[in-house]
Each structure stands twice: as C-alpha cells, then as structure tokens.
Amino acid sequence: MPTQIHEPHTDVTRVMHASRELEVQGQLEAALNLYRSWLKVHPNEAASIMCWYEYGRLLQITGAFQKAESAFRAALEQNPKFTEGALALGKSLEAQGKLKEAIEVWDKAMPPQALQIQLFNNMARLHDQLHSVEEAEAALIHSLRLDPTQDSVITTLLQQRQKLCRWPVITPDIGVSKSIQKANVGPLMSLALFDNPKENLTSVKNFLKSKNYFSPSKTLTRKGALYPGHGKLRVGFLSADFRLHATSIFFSPLIEYLDRNLFEIYLLDMTVAADPFPFARQRLMEVAEHHIPLQAMDDEAAARTIQSLEIDVLVDLAGLTAGARPGIVAMRPAPIQMTYIGFLASCGIPNMDYIVTTADMFVDACANGFTEKPLKLAGTYVAFTNDGDVSTGSTRSSCGLPEDAVVYCALLNTYKITPEMFACWMAILKGVPNSVLWLVEENPTTRKNLEQHALDHGVSIDRLRFSQRVHPAEYRTRLAMADLFLDSSPYGNGATTRDVLLANLPILTKPGKTMMSRLTAHMVGAMGMAELIVDSLDDYVAKAIQLGLNRNKLAAMKQEIAAAKHTSPLFKTQEFAKHFGEAILHATREMSS
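Residue positions are given per chain, counting from 1 as you read along its sequence in written order. Residues qualify for local features only when their pLDDT is at least 70, as the model is predicted, and side-chain atom pairs are given and counted only at 80 or more; totals for whole chains, interfaces and linings, by contrast, use all residues. The side-chain numbers reported here are obtained from all heavy atoms of the structure, hydrogens and water having been left aside.

(A) Structural view of the packing of aromatic side chains. Here a Phe, Tyr or Trp ring, Trp counted by its six-membered ring, pairs with any other such ring whose centre lies within 6.5 Å, and the pair is stacked when the planes are under 30 degrees apart, edge-to-face when over 60, and tilted otherwise. Tallied over the entire structure, the rule returns 13 aromatic pairs. Between Tyr53 and Phe82, the aromatic rings sit 5.6 Å apart at their centres with planes inclined by 75 degrees, giving edge-to-face as the arrangement. Here the residue Tyr53 occupies a position in helix α4 (residues 48-61), and Phe82 occupies one in the loop between α5 (65-78) and α6 (83-95), the gap between them amounting to 29 residues. Only protein chains enter the calculation, and the probe is 1.4 Å; a residue is then buried if its accessible area is under 20% of its type maximum, exposed if over 50%, and partly exposed in between. Assessed through its relative accessible area of 11%, Tyr53 is described here as buried. Phe82 sits in the buried class, given a relative accessible area of 12%. Pairing Phe384 with Phe571 gives two aromatic rings, centres 5.1 Å apart and planes at 75 degrees, and the pair type is edge-to-face. Within this pair, whereas Phe384 is found in the loop between β7 (373-376) and β8 (406-410), its partner Phe571 is found in the loop between α24 (551-564) and α25 (573-592), the two being separated by 187 residues in sequence. Secondary structure elements follow DSSP: runs of H or I of four or more residues count as helices, runs of E of two or more count as strands, with numbering from the N terminus.

(B) How the structure looks around the sheet that holds strand β11 (residues 484-486). Strand order across the open sheet formed by 5 strands is β10-β9-β8-β11-β12, with parallel pairing between neighbours. Among the strands making up the open sheet, the edge pair consists of β10 (464-467) and β12 (507-508). Relative to β12, β11 is paired through 2 bridges, and the arrangement is parallel. Opposite Leu486, over in β12, you have Leu508 as the bridge partner. In short, DSSP must find at least two bridges between two strands for them to pair.

(C) Broad picture of the pairing of strand β2 (residues 263-269). Across the 7 residues that make up β2, a large majority, 6, are buried. Inspection of the sheet shows strand β1 (residues 233-239) paired to β2 by 7 bridges, in the parallel sense. When the bridges of β2 are listed, Leu238 appears paired with Leu268. As judged from the 4 bridges shared by β2 and strand β3 (residues 290-293), these two strands associate in the parallel manner. Bridge pairing in β3 links Leu268 to Ile292. The handedness of a crossover follows from its direction of travel: if, with the strands pointing away from the viewer, the path from the first strand over the helix to the second runs clockwise, the crossover is right-handed. Between the parallel elements β2 and β3, the chain passes through helix α15 (residues 279-287) in a crossover that is right-handed.

(D) Geometry of the environment of Asp456. Structurally, the position occupied by Asp456 is in helix α19 (residues 444-456). Overall, Asp456 belongs to the exposed group, its relative accessible area being 57%.

(E) Layout of the layout of surface pockets. Its volume calculated, the second largest pocket comes out at about 1100 Å³. Along its surface, the second largest pocket is lined by 40 residues, and Tyr53, Phe82, Glu84, Met123 and His127 are the ones closest to its centre. Every element with two or more residues in the lining of the second largest pocket is listed here: α2 (12-24), α4, α6, α7 (99-109), α8 (113-129) and α9 (133-146). Examining the composition of the lining of the second largest pocket, we find that 9 residues originate from one element, α8, more than from any other. Split by residue class, the lining of the second largest pocket holds 23 nonpolar, 9 polar and 8 charged. Only protein atoms enter the calculation, which uses a 1 Å grid: trapped sets of points that fit a 1.4 Å probe without letting it out are cavities, open sets showing protein on both sides within 12 Å along at least five of seven lines are pockets, and any residue with an atom within 4 Å of a point is a lining residue. Grid points are joined across faces, edges and corners, and a volume is the space filled by probe spheres set on the points. When residues are grouped by polarity, Ala, Val, Leu, Ile, Met, Phe, Trp, Tyr, Cys and Pro land in nonpolar, Asp, Glu, Lys and Arg in charged, and all others, Gly among them, in polar.

(F) Geometry of α15. Along α15, the residues classified as buried are Ala280, Leu284 and Val287. End-on, the buried residues of α15 take up no more than an arc of 75 degrees, which puts them together on one face. Away from its buried face, by an angle of more than 90 degrees, α15 presents the exposed residues Phe279 and Glu286. Against the buried residues of α15 lie α14 (248-257) and β2. Throughout, the arc means the angular range of directions from the helix axis out to the C-beta atoms. We call two residues in contact when some of their heavy atoms are within 4.5 Å.

Structure below.
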C-alpha cells in the first residue's frame, strides 16, 4: 500500500484514508510520512489544503506545535477563509504560548453563522466519506445547534446515530425535539425503527415533500393507456444498480428469463456507483434487448426519453434507495408503473400503481400504509441460482472464534440493530453459557458502543466477536462456520439471507407487519424450514436458546437446507420469471379494462 500511496497521481482521498488507518493503529510517524511524501509532490494543488490540515493535526498530536503551525499556515495560504484551518492554527499558537497571535487568528476567521453551518455540513460529509464517524456526528450536532430547523441535517444525523448504535437514536440531547426528529426519520431508517407500514409511509411522504417529488407538475402518459400496435409488451426496468449488488442478484434472473415471446426488455440505466465486479453488469447487458443510459439526463429529460420509447410497463427497482430518482417515476413516463425489490415498503408516489409482493409478505390489514396496490406473485418473491458450496480455507480459529462454542451469527449491517433486538441477543447468550455472538465491525466507535451495551446487559465483552467486511466468497465461507444466524427485526435481511441459505446455515427470524420484516420468513418458509419462524421476541429468544443447547439439531438443519436447494422454489429461477410475467399481464388487463 505505501508504494501506491506515494504515486504522484494518487487520489488525495486514498492518502487521507490510509493515514487515518495508520493513525488508528497508533502508527503516527508512518501517517505523517504519507502526508510528507504526497505534499512534497503536490504542495499547492486545490486538494492539498486538506492534506496540509491533516498533516498539521497529526504534528499537533505529536507535540510538534511549531511544525504544525507551518502546516496550518500553508493550508490558509491556499484559502484564507478556511475556518477549520484557522481554528487549528490558533490552537498551535496557543500551545506555543503565543496567545495574542492565536486570538488575532481566530478573530479574523470568525465567519457569519450561515457560513459556519455550511462549513460544519461540508465537514460532516467529508468525514463520513473518510469513515471518520465520530467527527462526522460531531459536525452535524454543531450545525444543528446553530440552526435546529435543518431537516436534511436532522435526517443525516439520525442515520449516523443508527449506524453507530448510539441508542436511543432519537434523543433531545442533540438539541432538537423528539417530535421533530421523528418527523425527519428517513425512508430507510424508518424500516429499522418502525414495524408499522403507516409510520413508514409517513416518513416516506415527509422525505418526498422535502424533495418536491410528492406533487409532480407533469404527467406524461395516461394511467393504464397501453400503446397500440406493440407486438410485445415493452417492459422497462429502472435501476441504479445494474452491477453486482444486493438487489441485482435477485432481479437478474427475472430480466434473463422473462418470456421474450411476450415481453421486450429495456434496461433504463441510472447506475453511477463504482463497479469492481463488472461481470454482473456485462451479463445484464447481454441478456436485455435494449440498454438506455439515463445518467447524464435530468429527471424530466429521462422521463421524456422513457416516454419516447413507448414503454408499456415500468418496473422501478430502486424505490427510495441510494441512487434512486423518484422524480422520474413521479412524471409517469409509462402508463403502468410498479415497484419491486429496491425498497420493500410504499414509495409514496401517487403515480406508482403497484407494489410487487406475495400473499405472505403483504399484511392486508396494513394496506393503509401503502399508496400502491399490492400485486401478489403466485410463487416466491425472489429466486436465485445455487452457486454451490464455497470455501476459502478459513477456519474458526483464523476468524477469532472458539472451536467448541455455539456461534450465533449476526453478520449484518449495524443500522439494522435496535436496542430491543440486541437485548434479545444478550438474553440468548445468557441462556447458552458456551456461546458467542459474531458481529460486523463497521468501525471502532460502533464496536465500542455494542460492547458497552453488552456490559449494560451484564454480558462480558469477550462473548462478542467481531469481523470486518470481506470478499463475498470469504463471507460465505465464514457463514458456514456459524451454528445459527439471528435475523434482525423489523429491518430484516434479503441478500444476506440468500447468502446464509447458500451456506446451509439455519436462520431464525421473527416477521413483523412490514414487508422488510417478512422477507426472511418468506425465504425460510420456501425452504421448508417453518420451525425457524417465530411470532414474538420471547419465542425468538426461547427458540435460539433451545437450538443452542441442541447442536445435533442445528447440524441436522444444515443438512435439511442443503437438501432443500434441490426442490425449493427459491432456486427455480425460470418458474419465478414466469410468475412475474403473469403478474405483469394481470396488471395490464386490470388497468386497461
């Protein structure tokens, strides 16, 4: 890595990220050397201002205050209005006893409040990109203390606290009332906090209103008015994830196997995210008849492009997730529009006609939490291929796991963990003495918070084991080492559940009222493992303890899952595509009648 970092054209973000990693490891001199090497080549570039600042910050930590002063002055030479640099320069002067100089620097640097707010928000964004989570959180709090009416900042801060497992997430301690915070819970976060489709929909509507999506001014097509003269229905799949992604592993078989005698497929491409595994994208481009890039167009231009293609049915695969562009769908570029897989809740857009679901995933009593009509598939909600067993040679000991213990696994995104869910996990560990809980180490702060929560429950931190994120093949290998996966609720798992089942690992789940909380149960049920689906958190704890005390039963379940791959509808991709096609045809008949 150092050889790459010293390359003259290395991205400054990589330099800063690598230096932060060295700092966390206590290798301050190595971190300083990275900055010295880069700044020697790029002393006066636009990007070097942050490197001068970070270089000075590290020098200050080591007590080299005079050198730190020089670094901060170099940053300020590039931008005299760099407030954070001025603050740091003042501190370095103060440390040298130059108090009057420090005050002069700070007095000159004091920006108006609006600029301070912008600075804090900008710093929060950059800190988040650098995975400096505590610094990002602090910047957001400072910003809100200056102006507590910033809805988008409140939303971002709550998301940050959820990822950090900073409980309670909603608290008056951040300087904003709890009612205002709740009104600014973002769509994805609402799935983690509320097991209630109506509350999810409220969060969605607040988000759409803040983005001016809720009342579209233009409607480009007439609802249900299919284009005449098409020999086949033109189906457009709108996605920001035509690449290897948690959703594409589910929608790829659909695009590949939809009946081409009935449907003509268009990929409406919004993908802008990095794609380190291009094979998945290449495969999608090969199997679809048409690829329509929309990345360079604004929402209206993209919507008009879709309209010009005379798309009969638009299937939105993004919903309200990263990269989504609900402004396109809001203009109704197609006469029939439906949402599938990207966002397992109502998208809240009046021009979205259907949400694709199944009878067991959609709670009819909660239909008032959806603006879309449920379009229920006859078979499974998803299907995927059996990739076979994967092993990278890793062992329990190489992953820091005890060989003889019961390993409960929750290798999932930490924003899905709630205090109630974590309390269940701690009760399970107490009920099975020779057991550990295996978690993802997102960052040191989240780990520290989870360890403290464990101590608060009277559980020693050595009962928690952490692993960082790894390559997909290694992830599957690791899953196979565990004894039982513990699903989260109400924000359950999808792609993770797929990986768990492919690894022949039993997964215990407690479905709620939302589609997102019921996906794992749907998949587990399709594998014929209904005994792993429970009705309450008390039953969840009891079942996990019962299984943890009977490892022969867990071993037998692994064999059952391996055998079920040969018969389960989850692995019948062509049958799934057939059912999906039938649902599309049903929607066209229903809306055009």
